[in-house]
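# Notes for the structure review
The primary structure of each chain is shown beneath.
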Amino acid sequence: MEVDKGGGTEFGFFTSRLDKMIGWARKFSVFQYPFITACCGMEYMSVACAHYDIDRFGAGLPRFSPRQADVLFVVGTISQKIAPVLLTVYEQMCSPKWVVAFGVCTCTGGFYDDYATVRGIDHVLPVDIYIPGCPPRPETVLNGLIMLQEKIQNQKQEV
Amino acid sequence: MPEAEWSKTLKKIQEQFGDRVIEMHAQLGQDTVVVSKAAIFELARFLRDDPDLKYNYLMDLTAVDHFTRKPRFEVVYHFLSLEYNARVRVKVPVGESDPEVESLTPLWKIANWLERETWDMFGIKFKNHPDLRRLLLYPEFQGHPLRKDYPVTKRQPLVGPKDPQA
Amino acid sequence: MSDSTTITTKTPEETKQEVEKSNKNMMLNVGPSHPAMHGVIQISVELEGEVIRKADIEIGYLHRAFEKHSESGTYTQVFPYTDRLNYVSPAINNFGYAGAVEKLMGLEIPERCKYIRVIMSEIARVADHLTCIGASAMELGAFSVFLYMMKAREWLYELTENVTGARITISYGRIGGVKADLPKEFTEQCRQALKKTREVLEEVDGLLTRNRIFMDRMRGVGVISAEDAISFGITGPFLRSTGVAYDVRKAWPYLVYDRMNFDVPVGTTGDNFDRYLVRMEEMQQSMRIIEQALDQIPEGPTNIDHEGRVIEPDLMADLGKFGKTAGLLKNETLLEPTLEGTGKRVHLQIRANDKDAWIPPKEQVYSNIEALMNHFKIIMLGHGIRPPKGEVYNMVEGGNGELGFYIVSDGTDRPWRVRCNGPCMRPMAALAGIITGGQMADIIATFGSVNMIAGELDR
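### Overview of the interface of chain A and chain C
Taken together, the contact between chain A and chain C spans 32 residues of the former and 35 residues of the latter. Buried area between chain A and chain C, summed over both chains or domains, comes out near 2900 Å², and the portion from carbon and sulfur atoms is 63%. Three residues stand out in chain A for area buried against chain C, namely Met 42, Lys 81 and Phe 111 of chain A, and they jointly supply 20% of the buried area on that side. In this structure, the salt-bridge partner of Lys 81 of chain A is Glu 58 of chain C, at a minimum N-O distance of 2.7 Å. Seen at the junction of chain A and chain C, the total is 17 residue pairs in polar contact (both at pLDDT 80 or more). Elements represented by at least two residues in the side of chain A that touches chain C include exactly strand S1 (32-36), helix H2 (40-48) and helix H3 (83-92) of chain A. The biggest single contributor to the side of chain A that touches chain C is H2 of chain A, with four residues. Looking at the side of chain A that touches chain C residue by residue, the class counts come to 21 nonpolar, six polar and five charged.

### Some points on helix H12 (residues 272-296) of chain C
Taking 1.5 Å per residue, 25 residues should reach 36 Å; H12 of chain C reaches 36 Å between its end C-alpha atoms and fits that length. Counted residue by residue, H12 of chain C has 18 buried out of 25 residues, so it is predominantly covered.

### Quick notes on the pattern of salt bridges
Enumeration according to the criterion identifies 51 salt bridges over all chains in this entry. One salt bridge in this structure joins Arg 137 of chain A and Glu 139 of chain A, with 3.3 Å as the shortest N-O distance. Between Arg 87 of chain B and Glu 402 of chain C there is a salt bridge; the shortest N-O distance is 2.8 Å. Of the two residues, Arg 87 of chain B sits in strand S5 (residues 86-94) while Glu 402 of chain C sits in strand S9 (residues 402-409), which places them in two different chains. Exposure remark for Arg 87 of chain B: the relative accessible area of 15% places this residue in the buried category.

### A few points about a negative patch on the surface
Residue and element names in this part refer to chain C. Taken together, the side chains of Glu 199, Glu 202, Glu 203 and Asp 205 make up a negatively charged region of the molecular surface. Along the chain, Asp 205 turns up in helix H7 (residues 186-208). Look at Asp 205 and you get partly exposed, because its relative accessible area is 37%.

### Side note on the environment of Tyr 115 of chain C
Residues and elements named next belong to chain C. With respect to the helices, strands and loops of the structure, Tyr 115 is situated in helix H5 (residues 111-139). Separated by 183 residues in sequence, Tyr 115 and Pro 298 have C-alpha atoms that sit 8.3 Å apart. Those residues in contact with Tyr 115, other than ones at most four positions away along the chain, are Val 256, Arg 259, Met 260, Ala 293, Gln 296, Ile 297 and Pro 298.

### Some details on the packing of aromatic side chains
Under the criterion given, the structure shown has 24 aromatic pairs over all chains. Centre to centre, the rings of Phe 79 of chain B and Trp 108 of chain B are 5.4 Å apart; their planes meet at 35°, and the pair counts as tilted. Here Phe 79 of chain B is found in strand S4 (residues 73-81), whereas its partner Trp 108 of chain B is found in the loop between strand S6 (100-102) and helix H3 (111-122), with 29 residues between them in sequence. This pair shows no difference in class: Phe 79 of chain B is buried, exactly as Trp 108 of chain B is. With a centroid separation of 5.8 Å and an interplanar angle of 40°, the aromatic rings of Phe 273 of chain C and Tyr 276 of chain C are classed as tilted. Of this pair, Phe 273 of chain C and Tyr 276 of chain C are both found in helix H12, three residues apart, which corresponds to roughly one turn of the helix. Both residues of the pair, Phe 273 of chain C and Tyr 276 of chain C, count as buried. Through a chain of ring-to-ring contacts, the aromatic side chains of Tyr 115 of chain A together with Tyr 138, Phe 141 and Tyr 150 of chain B assemble into a single cluster. When the ring centre of Trp 416 of chain C is taken as reference, the NZ or CZ atom of Lys 148 of chain B above it lies at 3.9 Å. The ring of Phe 238 of chain C has Arg 275 of chain C sitting right over it, with the charged end atom 4.0 Å from the ring centre.

### Description of the pairing of S5 of chain B
Residue and element names in this part refer to chain B. The element S5 is largely enclosed, with a buried count of seven among its nine residues. Bridge count for strand S2 (residues 32-35) against S5 is three bridges, and the pairing is parallel. Looking at the pairing, Val 33 lines up with Val 90 of S5. Inspection of the sheet shows S4 paired to S5 by nine bridges, in the antiparallel sense. Residue pairing in the sheet places Phe 73 in a bridge with Val 94 of S5. Turn length for the S4-S5 hairpin, with the two strands adjacent in sequence and antiparallel, is four residues, and the turn residue Asn 85 shows positive phi of about 50°.

### Let's talk about the nonpolar core
Residues Phe 35 and Leu 72 of chain A, Tyr 77 and Phe 79 of chain B together with Ile 41, Ile 43 and Met 428 of chain C are the most contacted members of the largest nonpolar core, which totals 219 residues. Here this core gets 13 residues from one element, more than from any other, and that element is H5 of chain C. Those residues in contact with Phe 35 of chain A, other than ones at most four positions away along the chain, are Leu 72, Phe 73, Val 74, Val 75, Ile 78, Ile 82, Val 85, Leu 86 and Val 89 of chain A together with Ser 33 of chain C. Counting residues in each nonpolar core, the second largest holds 20 residues, with Val 30, Ala 59, Leu 145 and Leu 148 of chain A among its members.

### Quick word on the confidence of the model for chain C
Residues and elements named next belong to chain C. Confidence in the prediction for chain C averages 82 pLDDT; 83% of positions are at 70 or higher. Mean pLDDT in chain C bottoms out at strand S6 (residues 310-311), which sits at 45, and peaks at S9, which reaches 92. Taken as a whole, residues 300-312 scores under 50 in pLDDT and shows 23 contacts with residues more than four places along the chain or in a different chain.

### A word on the sheet that holds strand S3 (residues 51-58) of chain C
Residues and elements named next belong to chain C. Reading across the sheet, the three strands line up as S1-S2-S3 and stay open at both edges, with antiparallel pairing between neighbours. The sheet is open, and its two borders are formed by strand S1 (26-30) and S3, each paired with just one other strand. Direction aside, neighbouring strands of the sheet carry axes that sit 20° apart on average. Relative to S3, helix H17 (residues 425-435) is tilted by about 165°, and along the sheet it contacts strand S2 (42-48) and S3.

Parameters and conventions
Residues numbered from 1 in each chain as written. Chains lettered and ligands numbered in written order. Predicted model: local features only at pLDDT ≥ 70, side-chain atom pairs only at ≥ 80, totals over all residues. Heavy atoms only, no water. Contact = heavy atoms within 4.5 Å. Buried area = accessible area lost by both parts, 1.4 Å probe. Salt bridge = Lys/Arg side-chain N within 4 Å of Asp/Glu carboxyl O. Polar contact = N/O pair within 3.5 Å; in protein donor to acceptor, adjacent residues only side chain to side chain. Helix = DSSP H or I, 4+ residues; strand = E, 2+ residues; numbered from the N terminus. Nonpolar A, V, L, I, M, F, W, Y, C, P; charged D, E, K, R; others polar. Expected span 1.5 Å × (residues − 1). Buried < 20%, exposed > 50% of the residue type's maximum accessible area, 1.4 Å probe, protein only. Patch = residues over 30% accessible without salt bridge, like charges linked within 9 Å, V, L, I, M, F, W, Y side chains within 5 Å. Areas by Shrake-Rupley, 256 points an atom, 1.4 Å probe, with all protein chains shown as cover. Lys, Arg positive; Asp, Glu negative; His and termini not counted. Charge placed at Lys NZ, Arg CZ, Asp CG, Glu CD. Phe/Tyr/Trp six-rings, centres within 6.5 Å; stacked < 30°, edge-to-face > 60°. Lys NZ or Arg CZ within 6 Å of the ring centre and 35° of its normal. Pairing = 2+ DSSP bridges. Core = buried A, V, L, I, M, F, W, Y, C linked by side-chain atoms within 4.5 Å. pLDDT = per-residue confidence, 0-100. Axes fitted to C-alpha atoms, helices over the stretch in contact; angles between N-to-C directions.

Written as structure tokens, this is what we have:
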């Protein structure tokens, strides 16, 4: 599709509408890659299952191949040993991609301030949404997902 | 505790290894033996094979860094006997200059990983261990974190992704 | 060349060797980011076709320095870290650690508290087994089982939340007791939850136990002999599946397990299917224990008439600050339900009555100087709980086997060394041997039956 991304006067209206439309489509078909390492995985299971049901927000299907995923859910403590693996997975994902830091260990390192853990995954890769909590309650996670959807909706879309 | 009230295990060890036992007590009802480094392999085999003891489990193997005390380290073994439902703790003092103990891998298979972990965390070597490398940390890590002189927050540089071709 | 060259014929054995040489074995790397490896285990296998010839297991991707952190905090500050060891059954870790320090100090905890610990431990154990069976069944393709199991686990989490205030990382144990008493409506809720859980288990039993696909993938796969299991130091359901009935609750009874009537299920062959059956039966036994404990638990003094004598805690603090302490001792504070343990009414029922390990009730802290000083001594850095010099090893039956804590005290308020001896490491060490010679696809089934919990494995 040929679209003038420069936003010239005669196409400005058209591109901004197109952005909105693509954003709308993208935000309800979030395919996540759960990078689960630790305790937060238990809450991730709860979120994914019938009680809280993440499928209501169009994010029901986890893809375990980075090539097929849009959103990287980093769930649980990232240690110095696993950080290179996380970076590799992130680099293998296709654009456009987003990253969600799930739980306080991924946000800041939490109370694991020690030789073995990374002080927040933003030392390794860029993060879009931070969901705090140790582990976050399922409601918090859903709130974070809605915030991510808003972000996807309102950003400039690459086609 | 007076010698007369010792358990069967302690009495037997006293009989067999009397000259190499450094200390022996049963505080809090837990049998504890401190033996010299040279005797540990033989003692472990004795505990495992003696028909009156049959300590068939190596329940735990770890170390303690006493830092100011000499000798600095202590390797701690916990044995369990399923048949007689008894436990014994064996401790081996190890000096800082030559931290090396005989490996128990010929006797128990789990000793392999437990000794690798102890090497990883304390830098205590195990003689005759088939594959003594780090268990929990990565090969690029410098030092041994559970030693008292390693600060808890001392981070080391992140290692980049490895080249799969290399 | 002369014509006399003899034609050499190869024996079938030589041909086979030659073919083997030309077909190089394939190296395959499974994990650490692999859905069936739970994100933190790397298995490098050497494959010949589909058959595993060699396997090497790399762990440590979730090493979080539990033992180092324990040395840098006070005795009470270790509790939050113990939650995150086995994060599927945190209550058992809490009580295992608390039990070790209590043994070191010679503390005797009240009866009611012992029962509370048993009940919470068994709830955690059921949740642990539910997660294990649910997740491993899902990895074999039985997704609906996972959904049912998680549904049941959610009820148990709600129960846990009512008692402790948190779903997973509960920090409910305290040295000499527990954080709070059971809420009033707990017994009823608990019985309801167990009833519903039993229904789910029946459903899952119907879905899995006689399911042809499930049986084919589990039966005769991942076999370990009893001798090997003992040499690897394996305990828990993994050991019991080989026919050795060792259970810490029976062999070394702690708390009030010696008063409970329960069986230890054992398997016969030590394969994946036996481990599944053992876990299913253990859940039933755990629920039996909970019900007995609910019947036997001594009542706390919840029937004290406190009408008109209950006031808000902040008001009480204000009154204390202004020196209006006369009569305050007769009062009780009204606390948020999960903090009820800090109030006078239930205090003695769930805490050991020992000044060295005991924060006085809030009513007394706000109204008299001795209690205030006692509170200060326990809380302030450099004072705190100080077990005598010595060492102790305390074990409890965790979700996966014997969970031991070895603590060395130097007489100060911080532990000199805390060693957590988690049960997960042993089957993981044995795993390489178990999967060698089997099919690649069997790794998933065998690994699922280990119930590897990384927090406890890597600490």
